[in-house]
Amino acid sequence: MAKKNQYVVGLDLGADNCTLVALHAQKSQIEIVGRTQIDSGWRRGNLEMGEGLHGWLSELKLDKGVKAVAASVSGTRSMLHLAELDPALPLEDAVRFEARTWLGKSESDYWINSLPHGNGAHNESAQLIAATPKAAVNTLRSVLDSAGMPLSEVSIDIVAAANAFEINYPSWTDRLVAVVLADNRSLQIFWTQERKFMGHGIVLAQSANPADELSLEGAKALQAGLGLQKGAPDNLAGVFLCGELSGATGFSSRLGSGLRADVRLLDAFAAIPFPSAESMTEQLSEISPRCATALGLALSLSQGDRL
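Residues numbered from 1 in each chain as written. Predicted model: local features only at pLDDT ≥ 70, side-chain atom pairs only at ≥ 80, totals over all residues. Heavy atoms only, no water.

Asker: So what about the sheet that holds strand β5 (residues 79–84)? Which residues, and what values?
Answerer: To summarise the sheet geometry, strands pair through backbone hydrogen bonds and adopt either a parallel or an antiparallel arrangement. As summarised here, the arrangement of the three strands in space is β5-β7-β6, forming an open sheet in which the pairing is antiparallel. One side of each edge strand has no neighbouring strand; the edge strands of this open sheet are β5 and β6 (110–119). Neighbour to neighbour, the strand axes of the sheet diverge by 25 degrees on average, direction disregarded. Judged from the six bridges that link them, β5 and strand β7 (residues 125–133) form a sheet pairing that is antiparallel. Of the residues in β7, the one forming a bridge with Ala83 is Gln127. (Pairing = 2+ DSSP bridges. Helix = DSSP H or I, 4+ residues; strand = E, 2+ residues; numbered from the N terminus. Axes fitted to C-alpha atoms, helices over the stretch in contact; angles between N-to-C directions.)

Here it is as C-alpha cells:
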C-alpha cells in the first residue's frame, strides 16, 4: 500500500485573507501553496471559521495527510524582548519572571514562548521572549480545532516572515536588514543582523487610506530606527517587504522614500524547491511576498528553531 504524503503546513490566518504553504516533511520541498479570501460567513464565530477552513482544505486536498500545522498570531498585539536570564532559575521560571518584570503585569494573561538567541548585552546567554495575550492564542486554537487541523506550534507573524527572509537570502544576514510586514491596517518592522533580533517596531494606520498612510509612516519609522535596540538606522543595508500590502501600487516606492537602502519584495520561494510549480514562475512571483509568513511558519516546524 502506498505511503501517504506527510505535510507540514504553515497557516497565516489574516484579517481578510488566509494563506498556507505545505511542505513535504521528508523531501523538504514546497508541495502546495494556497490563498483564499475569508468569506463573510466564516466570521460568525470560531466554529464557522474552522468549518470554512476545513472546506477550503478539502478543496486543496489537504484535509488528510497533514502531519503538523504552525499558525501565527499578530505581532501587533505581541511583545518581543531579548533578555539575559538568571542562570540560578530553571529556564521556564526565569522566562516567566523576566516577562512579568518586563510587562509590568501578571504573566498569567499572556502566552509566553522563548528560544535561545546567542548572547545579550553583557555577553551572557540570551533568550528571545515573545508574549501575546492568551485570548488571541485561545481563539486561534479553537478555530484550528474546529477545522480539524493538528496545531503543533503557535508563532508570531513577523518572526515567521523574518525566518523566510533568512532562509531565502543568506548572503544578506551579515548586514543590518529591516524585514517589513505590511498587512491591512498595520506595519511591522523586524530588525535583524547576523540572524539575530535587533528590535521590533509597529506602525498602526489611523486613516481611511491605510496603504498610503502605512507606506509614508513606515518610511519615517525606518529612517528613525523605530524599535531598533542595537545599532543605528543609518547602517540599514536593505528593506525586505512582505505582507498583503506589499503589492499595492506605489507602496514600496513610498516606503523607500528618503532611505539610502533599497526596498525589495521578499520572494518567499527564492531558495525553497517547489517542483510542481516550475511552469508558474510568473504567477508565484506575484504572490510570493504575501506568502512569507506562511512559509516561515512551515519552515519552523521542519527546523524547530523559531518562536
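There's more to say after this.
Asker: Describe the pairing of strand β2 (residues 17–24), naming the residues involved and giving the relevant values.
Answerer: Each regular strand shows side chains that alternate between the opposite faces of the sheet. Here β2 lies mainly inside the structure; seven of its eight residues are buried. Bridging between strand β1 (residues 7–13) and β2 involves seven bridges; their strand directions are antiparallel. Within the sheet, the bridge partner assigned to Asp12 lies in β2 and is Thr19. Linking two consecutive strands that pair antiparallel, namely β1 and β2, is a turn of three residues. Sheet topology note: the β2/strand β3 (residues 29–37) ladder contains eight bridges and is antiparallel. Residue pairing across strands places His24 opposite Gln29, the latter belonging to β3. (Buried < 20%, exposed > 50% of the residue type's maximum accessible area, 1.4 Å probe, protein only.)

Asker: Provide a residue-level description of the environment of Leu151, including the pertinent values.
Answerer: One can find Leu151 in strand β8 (residues 151–156). Each residue touching Leu151, except ones within four places of it in the same chain, is listed here: Val69, Ala71, Arg141 and Leu144. (Contact = heavy atoms within 4.5 Å.)

Asker: Tell me about the packing of aromatic side chains, and name the residues and values.
Answerer: The relative placement of two aromatic rings is captured by the distance of their centres and the angle of their planes. Applying the stated criterion across every chain, the model contains six aromatic pairs. On the basis of an interplanar angle of 80 degrees and a centroid distance of 5.2 Å, the ring pair of Trp172 and Phe240 is categorised as edge-to-face. Taken together, the positions of Trp172 in the loop between α4 (157–168) and β9 (177–183) and Phe240 in strand β12 (residues 238–242) put the pair 68 residues apart, joining distant regions of the chain. Each member of the pair, Trp172 as well as Phe240, is classed as buried. Arranged with centres 5.9 Å apart and planes meeting at 65 degrees, the rings of Phe269 and Phe274 form a pair that is edge-to-face. A single burial state applies to Phe269 and to Phe274, both of which are buried. (Phe/Tyr/Trp six-rings, centres within 6.5 Å; stacked < 30°, edge-to-face > 60°.)

Asker: With reference to specific residues and values, describe the pairing of strand β4 (residues 66–73).
Answerer: Summarising burial for β4: six of the eight residues are buried, a large majority. The pairing of β1 with β4 spans five bridges and is parallel. The residue of β4 that forms the bridge with Val9 is Val69. Sheet topology places β4 next to β8; five bridges connect them, and they run parallel. Note on β8: the bridge partner recorded for Ala70 is Glu153.

Asker: Quick rundown of the packing of helix α1 (residues 46–59) against helix α3 (residues 134–147)? Include the residues and the values.
Answerer: Where α1 meets α3, the axes come as close as 7 Å, and the angle between the chain directions of the two elements is 50 degrees. Here α1 lies oblique to α3, going by the angle between them. The crossing of α1 and α3 is right-handed. Judged by residue contacts, Asn46, Leu47, Met49, Gly50, Glu51, Leu53 and His54 of α1 engage Thr139, Ser142, Val143, Ser146 and Ala147 from α3. Looking at side-chain class alone, the contact of α1 with α3 contains five nonpolar, six polar and one charged residues. (Parallel < 35°, antiparallel > 145°, perpendicular 65-115°, else oblique. Left-handed = near helix turned anticlockwise from the far one by under 90°. Nonpolar A, V, L, I, M, F, W, Y, C, P; charged D, E, K, R; others polar.)

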